[in-house]
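# Summary of the model geometry
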Amino acid sequence: MKRFFIGSLAVVGGVTLLFVAAIVGLAYLAASHQPGVPDSVVVELDISEPLREHVPEASLTSAFGEHPPTVRDVVDALERAGEDGRVKGLLVRLEGPAGSTAVVQELRDAVKAFRSRGKKAWAYADTFGEGTSATGTYYLASAFDAVYVQPSGDVSVTGVGQETPFARDALVKLGVKPQMGKRHEYKAAVNTFTEQTYTEPHREESTRYLTSVFEQMLRGVAEGRGLTPEQVRAAMDEAPLTGARALELKLVDGLLYRDEVLAKVKDAAGEGVKRLYLEKYLERAGRPHTSGPVVALVYGAGTISRGRSESNPMSGEDTLGGETVAAALRKAVEDERVRAILFRVDSPGGSYVASDTVRREVQRAREKGKPVIVSMGTYAASGGYFIAMDADKIVAQPGTLTGSIGVYGGKMVTAELWAKLGVSWEPLGVGKNATMYSSSLEFTPEQHGKNEASLDRVYEDFTAKAAAGRKLPVEKLREVAKGRVWSGEDAKEKGLVDELGGFPVALRLAKEAAKLEGEVQVELFPKEKGTAEVLAELLGERRGDNSDDVEAGGSVAAPLKPVLARTQALYRLAVRLGLVEERQHVLAAPVPDTTW
């Protein structure tokens, strides 16, 4: 019997080895027969939704299959295509917005650099907006050699605007009382809860930001279309425009259907030209900047929180974990091959403590002789600016929303709301301020003072560190702080940003700071995880030899974990309310929910 089991195990082991060998062999054959880039090709890109800034290496999207191209993917692909003699042009179909003003500007810069190599770029859409504004989409299209729209389409370039909800009166009716403080008058995040309309500082900063973006668009469209800013403004004031009227105003080059656009592209690119999706071109041709001294690329994208970065496959949202980004920066510093760090920041802020954790690692990198250049994406505001401000240089797009050097905090008191629902929460605590953060009780005057003192402390620390990082007198820094947001263009004038541009500008500054000439290798830190590692994380397995390995990797939020936690909480509440019976335990005491 023993011999039988040993023999059976041997057979199973042999079959397993053969299976693994077969899989490896098939993978090798597939890789060796990977199609290449055609000898004559037009790179094609469809934009139907905003491009993501970054797909975290710990995410399911990263581990399984292809994902839509990111901002960097498009920039890198166009840089590589610009130098590739096989590439005859770029064709982009615009079905929706590519993203924020800053993202559109990053893409416009990449398209213009591509065209500067003598390559043609065509943009087309069935319509630029249908019952909605498509100013940003058209702003991107205006950077191309030619813009086409379907004969039945519109060009709805109506301008830029925003809508802000104000819920103070609604909260009063619901029985919710905000007890929030802020530093200072321009810190408008809490106004949704505490106001019923714009305050004057809120209106002022919002109007200035929108005006700055609008002026940038006017200049960009005018330059791209060979018009004056006044002509573009007049067209916008007349919009929405029919396709025919847009053609008269020289905003488009023709009213063509998709097949007619493709025919034009084929005629211009030459007989035998083939089309290839941009993401497939990048996969086959490879990225630029793959040899030479290493410049580490570290992403700081998402709302900032303490702990590890997390990718939630259910919501599609990512968080910037302070420990994860800090560990990635440490790994880049410790790697002897790395000569400089390009830190891409795209965050609206979040935890003050986590922001300071990341800022400290930026500071330490510089102390250890590794220059840090920040490239700002859509926004780098509040905590997003905090993690950027100690860099050697800061680069932003003209439309990047940045600054917001300020702080807010407090709580929402919901006792009256629960009372209306027939639920009474009765907090108990041992310690003078044990229930200070209870949502059932208002702050006492002393507790209110403690909250205000905390806001003062954070604001003073933020502004002092920002002044030191930017090498400005603290008094001058505080003049442009006060919680106010700025466009990247205005922030440069105020000394909060060093240069305007995107990835290429930041890379140039990184090379200058590290005294590097010629080609460099841009390497992502941390490296992407494989499918097996991501699956192991989902099952709760910790990978890595030490805390830096684990933290730098981020994590994938198990989809069922929050659902299970909420179900358990509801069950416990049902037991406490007597809606569910449990077996009685003799000599057992009820265990309260404890807040420390």
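The rules behind each value
Along every chain, residues carry numbers that run from 1 in the direction the sequence is written. Local features in a predicted model are, by the rule used here, given only for residues with pLDDT of at least 70; side-chain atom pairs are given and counted only at 80 or more, and totals for whole chains, interfaces and linings are based on all residues. Values shown for side chains rest on all heavy atoms present in the structure; no hydrogens or waters enter the calculation. Any two strands are treated as partners once DSSP identifies two or more bridges connecting them. Each helix corresponds to a stretch of at least 4 residues labelled H or I by DSSP, and each strand to a stretch of at least 2 residues labelled E; elements are numbered beginning at the N terminus. Contacts: residue pairs with any heavy atoms within 4.5 Å of one another. Only the stretch in contact is used when a helix axis is fitted, and all axes are lines through C-alpha atoms; the angle between N-to-C directions ranges over 0 to 180 degrees. Take the residue count of a helix, subtract one, and multiply by 1.5 Å to get its expected span. Buried means the residue's accessible area, taken with a 1.4 Å probe over protein chains only, is under 20% of the maximum for its type, while exposed means over 50%, and partly exposed covers the values in between. The directions considered for the arc run from the helix axis to the C-beta atoms. For patch detection, residues must exceed 30% relative accessible area and be free of salt bridges, and they are connected within 9 Å for like charges or within 5 Å for nonpolar side chains (Val, Leu, Ile, Met, Phe, Trp, Tyr). Note that accessible areas follow from Shrake-Rupley with a 1.4 Å probe, and for residues the cover is restricted to the protein chains shown. For this document, the term salt bridge refers to a Lys or Arg side-chain nitrogen within 4 Å of an Asp or Glu carboxyl oxygen.

## Some points on the sheet that holds strand 1 (residues 41–47)
Spatially, 8-4-3-2-1-9 is the arrangement adopted by the 6 strands of the open sheet, whose pairing is parallel. Of all strands in the sheet, those with a lone pairing partner are strand 8 (254–255) and strand 9 (274–277), marking the two edges. With 4 bridges joining them, strand 1 and strand 9 adopt parallel strand pairing. Within strand 9, the position partnered with V42 by the bridge is R275. Sheet strands in contact with helix 4 (residues 101–115) are strand 1, strand 2 (87–94) and strand 3 (120–125), and its direction is about 155° off that of strand 2.

## Remarks on helix 11 (residues 258–269)
The first and last C-alpha atoms of helix 11 sit 16 Å apart over 12 residues, in line with the 16 Å expected at 1.5 Å per residue. What helix 11 keeps buried is the set V261, L262, V265 and A269. The buried residues of helix 11 occupy one face: seen down the axis, they fall within an arc of 100°. Seen from the buried face of helix 11, the exposed residues on the opposite side, beyond 90 degrees, are D259 and D267. Buried residues along helix 11 sit against strand 1, strand 2, strand 3, strand 4 (146–149) and strand 9.

## Section: a nonpolar patch on the surface
Residues W418, L421, V423 and W425 make up a contiguous nonpolar surface patch of about 390 Å² in total accessible area. We classify V423 as partly exposed; its relative accessible area is 32%.

## Some details on the pairing of strand 21 (residues 521–525)
In terms of burial, strand 21 is a largely internal element, 4 of the 5 residues being buried. In this structure, strand 10 (residues 294–301) lies alongside strand 21, joined through 5 bridges in parallel fashion. For V298, the partnering residue across the bridge sits in strand 21 and is F525.

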